[in-house]
Amino acid sequence: MFSKETYTARREVLRQSVGSGVILILGNEEAGMNYRDNWYHFRQDSTFLYYIGLNQASLAAIIDIDENTTTVYGDELTVDDIVWTGPLPSIAALAAETGIRHTAAHNEVINALQAAQQKGRNIHFLPPYRDEHTVKLHHWLGLAIGEVADKASLPLIKAIVAQREIKTAEELVELDKAVDITSDMHLAAMKATKAGMMEYEVSGVVNSTALLNGAELSFPIILTTNGQTLHNHYHGNVIEEGRLLLCDSGAQTSNHYAGDMTRTFPVNGTFSQKQREVYTVLLQSHEDAVAAMKPGVPYKDVHLLAARTIFDGLKQIGLTKGDTEEAVSQGVHALFFPHGLGHQMGMDVHDMENLGEVQVGYDGAAKSTQFGLKSLRLGKPLKEGIVLTVEPGIYLIPELIDIWRSEGKFMDFLNYDKLEGYKDFGGMRVEEDFVITAGGSRRLGKKVATSIADIEAIRQEAIG
Ligand code: GLY
Ligand code: MN
């Protein structure tokens with residue numbers, strides 16, 4: 001938790017930028033996994049954490065812009081709660097820690113909202129991403145279930161995006177900490193992996209490294225010898241000699257800031273010739289992207305630059321052909337690189353994605369619908385203080401190659417015969433986290449090997 005002055009100042013900025021009305025911020029509830037009392041690990045809503053700072057379930061807050069008050073609504077623990085889950089300070093004492101003087105019982109929130117509605121005041125709320133939010137908004141505001149999402153407040157979304165996307169110095173301390181732990185997780189994976197192990201054994205090492213540092217995971221671990229499946233959460237394969245192992249994972253600090261990195265390394269101590277050639281192209285695309293980032297440059301342009309480097313580099317290997325500009329404008333590179341170059345990162349690993357990608361990543365402008373480019377979550381011009389990931393990838397997805405070939409797609413740009421020999425290649429991605437600075441960018445956290453020489457040195461020592 002930050003100081004009460006931080007939370008008070010954040011609420012004041014929000015109040016000024018939304019201008020008038022009432023802001024309703026919903027906290028999250030505990031969620032039953034397979035029956036009511038067997039909960040998933042609790043995760044508070046990030047907007048609630050950002051402005052209200054409290055990490056307990058079943059709270060809501062109202063910022064009354066015109067009255068200049070903030071009230072936290074929640075119920076004190078029952079005797080049973082204290083017996084089963086332990087004591088807590090009162091809600092008033094918790095709220096005081098983030099500079100909030102008004103608290104009330106949870107059911108009072110309906111009275112406050114109805115009083116505001118009766119006076120014709122604007123009630124600003126965010127789009128729901130959990131059914132419990134939809135149900136609350138339906139009951140509390142008398143909205144039909146199906147219209148709740150459409151009634152979310154655009155002025156509130158825009159104000160929150162503008163504020164949360166620029167990271168302050170104290171947030172960057174947390175983000176560096178999250179990425180430091182994330183770096184340790186990746187180094188541990190590189191050191192632990194030996195041919196013959198199961199993927200879940202290395203995933204266990206990655207997870208325990210986060211836990212041993214007092215952190216948690218910022219998203220479920222992707223750790224796979226089938227890296228061509230982008231979000232592959234299956235960990236049941238034997239890690240075989242000759243394969244690549246892709247690990248995409250991140251830590252979340254106790255203060256709820258995320259890290260997100262990917263490394264891909266050879267199960268053998270050395271990259272094979274094929275792996276080496278493709279990895280060299282991938283690393284070049286990563287480096288080109290990082291060199292291009294600075295305030296004012298649209299991230300979409302950086303994405304397309306990385307795509308051109310990939311298409312060009314694969315031409316040297318013989319997998320692609322033809323004019324690079326033309327190929328990338330038609331989306332040919334998406335056969336190999338079907339996702340976006342990166343996303344913003346903060347309290348959420350995909351920061352504020354619940355507020356809608358178009359508002360968060362595109363300043364409200366329309367997103368491309370082209371295969372590949374449609375998956376770019378961040379396209380807008382960069383600003384000093386934005387934190388983001390740079391994560392180009394090159395994947396050989398046999399099913400996609402077969403479909404495109406059968407459709408005769410982009411025959412002038414792709415060497416399908418040569419691609420046949422890469423169908424068991426897998427996939428690779430390199431991901432690091434950056435903050436945009438006045439002159440360019442700064443990589444967050446401790447460096448973990450990305451070069452072939454550095455990765456091979458770690459791997460050879462690990463294998464012994
Ligand atoms: N690290 C997973 C993702 O960015 O989607
Ligand atoms: Mn990522």
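What you see is a predicted model; the values in this text were computed from it and never measured.

Rules used throughout
Residues numbered from 1 in each chain as written. Chains lettered and ligands numbered in written order. Predicted model: local features only at pLDDT ≥ 70, side-chain atom pairs only at ≥ 80, totals over all residues. Heavy atoms only, no water. Near = heavy atom within 4 Å. Polar contact = N/O pair within 3.5 Å; in protein donor to acceptor, adjacent residues only side chain to side chain. Nonpolar A, V, L, I, M, F, W, Y, C, P; charged D, E, K, R; others polar. Donors = N, O, S within 2.8 Å, 3.2 Å for Na, K, Ca; no water. Helix = DSSP H or I, 4+ residues; strand = E, 2+ residues; numbered from the N terminus. Buried < 20%, exposed > 50% of the residue type's maximum accessible area, 1.4 Å probe, protein only. Axes fitted to C-alpha atoms, helices over the stretch in contact; angles between N-to-C directions. Parallel < 35°, antiparallel > 145°, perpendicular 65-115°, else oblique. Left-handed = near helix turned anticlockwise from the far one by under 90°. Contact = heavy atoms within 4.5 Å. Core = buried A, V, L, I, M, F, W, Y, C linked by side-chain atoms within 4.5 Å. 1 Å grid on protein atoms, 1.4 Å probe; cavity = no way out; pocket = protein on both sides within 12 Å on 5 of 7 lines; lining within 4 Å. Points joined across faces, edges and corners; volume = space filled by probe spheres on them. Salt bridge = Lys/Arg side-chain N within 4 Å of Asp/Glu carboxyl O.

Student: Help me understand the site of ligand 1 in this model?
Tutor: Taken together, the neighbourhood of ligand 1 is formed by Phe 219, His 231, Asp 248, Asp 260, His 343, His 350, Glu 391 and Glu 431. A distance of 2.9 Å separates an oxygen atom of ligand 1 from a polar atom in the side chain of His 343. Taking His 350, its side chain carries an N or O atom lying 2.9 Å from an oxygen atom of ligand 1. For the shell around ligand 1, the class distribution of residues is one nonpolar, three polar and four charged.

Student: Help me understand the coordination of the manganese ion (ligand 2), please; the structure alone is not making it clear to me.
Tutor: Ideal values for angles at a metal depend on the geometry: 109.5 degrees with four tetrahedral donors, 90 or 180 degrees with six octahedral donors. Those protein atoms acting as donors to the manganese ion (ligand 2) are Asp 260 (OD), His 343 (NE2), Glu 391 (OE) and Glu 431 (OE), and they sit at 2.1 to 2.3 Å. Each donor residue of the manganese ion (ligand 2) belongs to the same chain, with the gaps between them written as D-x82-H-x47-E-x39-E. Of this pair, His 343 sits in the loop between α12 (324-330) and α13 (357-362) while Glu 431 sits in the loop between β13 (426-429) and β14 (432-436), placing them 88 residues apart in sequence. Comparing His 343 with Glu 431 shows no difference in burial state: the two are buried.

Student: Sorry if this is basic, but what is going on with the packing of helix α1 (residues 4-18) against helix α7 (residues 154-164) here?
Tutor: The axes of two packed helices give the description: the angle between them and the distance between them. Where α1 meets α7, the axes come as close as 9 Å, and the angle between the chain directions of the two elements is 135°. Considering the angle they form, α1 stands oblique to α7. Note that α1 runs across α7; the crossing there is right-handed. Residue-level inspection shows Arg 10, Val 13, Leu 14, Ser 17 and Val 18 of α1 in contact with α7, the latter providing Pro 155, Leu 156, Ala 159, Ile 160 and Gln 163. Classifying every residue of the contact of α1 with α7 by side-chain character gives seven nonpolar, two polar and one charged.

Student: Please clarify how the nonpolar core should be interpreted in this entry.
Tutor: In this structure, Leu 14, Tyr 279, Met 293, Tyr 299, Phe 336, Leu 388 and Ile 394 are the most contacted members of the largest nonpolar core, which totals 120 residues. Counting residues per element, this core draws most heavily on helix α11 (residues 299-317), at nine residues. With residues up to four places along the chain from it excluded, the contact list for Leu 388 reads Met 293, Tyr 299, His 343, Gln 344, Met 345, Leu 378, Leu 382, Glu 432, Asp 433, Phe 434 and Ile 436. Leu 24, Tyr 73, Ile 123 and Leu 143 belong to the second largest nonpolar core, which has 17 residues in total.

Student: Explain empty space enclosed by the protein here, please?
Tutor: Gaps between atoms show up when a probe of the same size as a water molecule is rolled over them. All chains considered together, the criterion is met by two cavities of 30 Å³ or more. By volume, the largest cavity amounts to about 120 Å³. Contributions of two or more residues to the lining of the largest cavity are made by β1 (22-26) and α6 (131-141). The dominant element in the lining of the largest cavity, judged by the number of residues it contributes, is β1, at three residues. Here the lining of the largest cavity is built from residues that sort into nine nonpolar, three polar and one charged. Estimated volume of the second largest cavity: approximately 60 Å³. Looking at the lining of the second largest cavity, its residues break down into one nonpolar, four polar and four charged.

Student: I would appreciate a short explanation of the pattern of salt bridges in the present structure.
Tutor: Two side chains bearing opposite charge may form a pair once their charged atoms approach each other closely. In the structure shown here, the tally under the stated rule is 30 salt bridges. The salt bridge involving Arg 36 is made with Asp 37; its shortest N-O contact spans 3.4 Å. In terms of burial, Arg 36 and Asp 37 fall into one category: exposed. Between Arg 377 and Glu 357 there is a salt bridge, with its nearest N and O atoms 3.4 Å apart. Taken as a pair, Arg 377 in the loop between α13 and β11 (387-390) and Glu 357 in helix α13 lie far apart in primary sequence, 20 residues in all. For Arg 377, a relative accessible area of 26% corresponds to the partly exposed category. Here Glu 357 falls in the partly exposed class, since its relative accessible area comes to 23%. Among the charged side chains, a network of salt bridges with common partners joins Asp 402, Arg 405, Asp 417, Glu 420 and Lys 423.

Student: Teacher, can you tell me more about unusual backbone geometry here?
Tutor: Comment: phi is negative for the bulk of residues other than glycine, and the bulk of peptide bonds are trans. Of note in the backbone geometry, Ser 58 takes a positive phi value of approximately 65° without being a glycine. Structurally, Ser 58 can be placed in the loop between α2 (46-51) and β2 (60-64). We classify Ser 58 as partly exposed; its relative accessible area is 30%. Its identity as a non-glycine residue notwithstanding, Asp 363 has a phi of 50°, on the positive side. Following the sequence through the fold, Asp 363 ends up in the loop between α13 and β11. Asp 363 gets classed as partly exposed once you look at its relative accessible area, which sits at 46%.

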